[in-house]
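These are the residues of each chain, in order.
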Amino acid sequence: MDGTNRKATIYDIARLSGASPSTVSAALGGKWKARRISETTVNTIRLIAEQQGYSPNLQARGLRQARSGLVGMIIAFHDNRFFSSLSQNFEAQARQRGLVPVIASSLRDPVEELRILETLISYAVDFVFIAGATDPDAITAACKAANMRHVFVDLPGSGAPSVTSDNYGGAAALTRVLLTGLPHGARPHFIGGCASDQATSRRIAAFRAETQTAGFSLSDDQIITCGYAPGSARRAVAALMDRCDGLPEALFINSLTVLEGLLGHFTTLPDAATEHTRFGCYDYDPFAAFLRFPVHMVRQNAAELIVKAYDLIDKPSRQVVEVPPDLIPPRTIFSSPFSEQG
């Protein structure tokens, strides 16, 4: 540990023992025999846990008889329109049910994510929603050890019910509208996200399938997985324009933060640079109406995602429910060859 008074977490013990967080959770939660973990490993983990002062909340470990009336939600970020919509809908649904919501952001840090979860468990919340989980297996292991009901939202987990957007269907619809009427020989591009991310991988698969079905060539350099950070996206689109001597005829943008990065680069260009490109963004923000070029957008249905998650909380299963997103046509106040006034 670092010498502070910070409580030891499962991740600390995993690091010190060389075991995975799920193995540590099973060893400390009495599930190690079912997982076929050796007794030697269990004893090592328990010794390190004792040395580090790790103390799981026993009240939350299946001994709770009464409900606390508290319900928890862990989200990736507060300053993201989609995640903030999820948290607002989670809170509204909780209050309708006479429950008190507790919401915290993990900043996509798996250590912080598990620390928040352990804190929520220690306060004996009735259940937890995890939106955009970074390590769903560790989350499930900790929840099962504490007999905590949980549901994954946005990104699925294999050990609990999950509710996600229909990323494939939404990306396919967005790709089709971008490709309609493009000249033969056009080379549409996809930019943003991480290929290992479940949502991004489904969107890329749909982009590939629709592009090839429409008869356009597609090579690996047309898929640019530069992450979600605006700075990375800005550098990636600058490199793309240098390579292609301008923007491609169609550009699938994988999130609002990626769009933000692109706009940062576009401010250095003349308005004419974007005139002959169709833009689509798998995300939604009404401020897109004030851009000088139209953007087709995909709006994920945050309200329905939360309703479906509440429906699943009392159904112990590994079911994955997909919620169709909405395709929003351009609403730009400016006129251009591809604009649709609205």
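As a starting point, this report considers the structure included with it. Everything quoted here is computed from the prediction, not taken from an experiment. (Residues numbered from 1 in each chain as written. Predicted model: local features only at pLDDT ≥ 70, side-chain atom pairs only at ≥ 80, totals over all residues. Heavy atoms only, no water.)

## Observations concerning the sheet that holds strand 8 (residues 250-253)
Neighbouring strands of a sheet are bound in pairs by backbone hydrogen bonds; such pairs are parallel or else antiparallel.
So, point 1. On the basis of which strands lie adjacent, the open sheet formed by six strands has the order 7-6-8-9-10-12 and mixed pairing. Each edge of the sheet is formed by a strand with only one pairing partner; in this case those strands are strand 7 (223-224) and strand 12 (326-328).
So, point 2. With three bridges joining them, strand 9 (residues 278-281) and strand 10 (residues 295-299) adopt parallel strand pairing. Counted as the bridge partner of Gly 280 is His 296 from strand 10.
So, point 3. Its contacts with the sheet put helix 8 (residues 198-213) on strand 6 (189-191), strand 7 and strand 8, and the angle it makes with strand 6 is roughly 175 degrees.
So, point 4. The strands that helix 9 (residues 230-244) touches are strand 6, strand 7 and strand 8; relative to strand 6, the one it contacts most, it runs at about 160 degrees. (Pairing = 2+ DSSP bridges. Helix = DSSP H or I, 4+ residues; strand = E, 2+ residues; numbered from the N terminus. Contact = heavy atoms within 4.5 Å. Axes fitted to C-alpha atoms, helices over the stretch in contact; angles between N-to-C directions.)

## Overview of the pairing of strand 8
So, point 1. Residues Ala 250 and Phe 252 of strand 8 are buried on one face, and the alternating residues Leu 251 and Ile 253, pointing to the opposite face, are buried as well.
So, point 2. The pairing of strand 6 with strand 8 spans three bridges and is parallel. Paired with Phe 190 across the bridge in strand 8 is Phe 252.
So, point 3. Note that strand 8 and strand 9 share four bridges and pair parallel. Residue Ala 250 lies in a different strand from strand 9, and its bridge partner there is Arg 278. (Buried < 20%, exposed > 50% of the residue type's maximum accessible area, 1.4 Å probe, protein only.)

## Structural notes on the sheet that holds strand 4 (residues 149-153)
So, point 1. On the basis of which strands lie adjacent, the open sheet formed by six strands has the order 2-1-3-4-5-11 and parallel pairing. Edge strands, defined here as strands with exactly one partner in the open sheet, are strand 2 (100-105) and strand 11 (320-323). Taken over all neighbouring pairs, the strand axes of this sheet differ in orientation by 20 degrees on average, direction set aside.
So, point 2. Examined bridge by bridge, strand 5 (residues 162-165) and strand 11 share four bridges and lie parallel to one another. Each residue of the ladder has a partner; that of Ser 165, found in strand 11, is Val 323.
So, point 3. Packing against the sheet, helix 4 (residues 81-96) makes contact with strand 1 (70-75), strand 2, strand 3 (127-131) and strand 4, and its axis sits at approximately 175 degrees to strand 1.

## Some thoughts on the packing of aromatic side chains
So, point 1. Applying the stated rule across the entire model yields 13 aromatic pairs.
So, point 2. A ring pair is formed by Phe 127 and Tyr 310, whose centres lie 5.8 Å apart and whose planes are at 90 degrees; its orientation type is edge-to-face. Taken as a pair, Phe 127 in strand 3 and Tyr 310 in helix 11 (residues 302-312) lie far apart in primary sequence, 183 residues in all. Of the two residues examined, Phe 127 and Tyr 310, each falls in the buried class.
So, point 3. The ring of Tyr 282 has Arg 203 lying over it, and the distance from NZ or CZ to the ring centre is 3.8 Å. (Phe/Tyr/Trp six-rings, centres within 6.5 Å; stacked < 30°, edge-to-face > 60°. Lys NZ or Arg CZ within 6 Å of the ring centre and 35° of its normal.)

That's the geometry; what it means functionally is another story.
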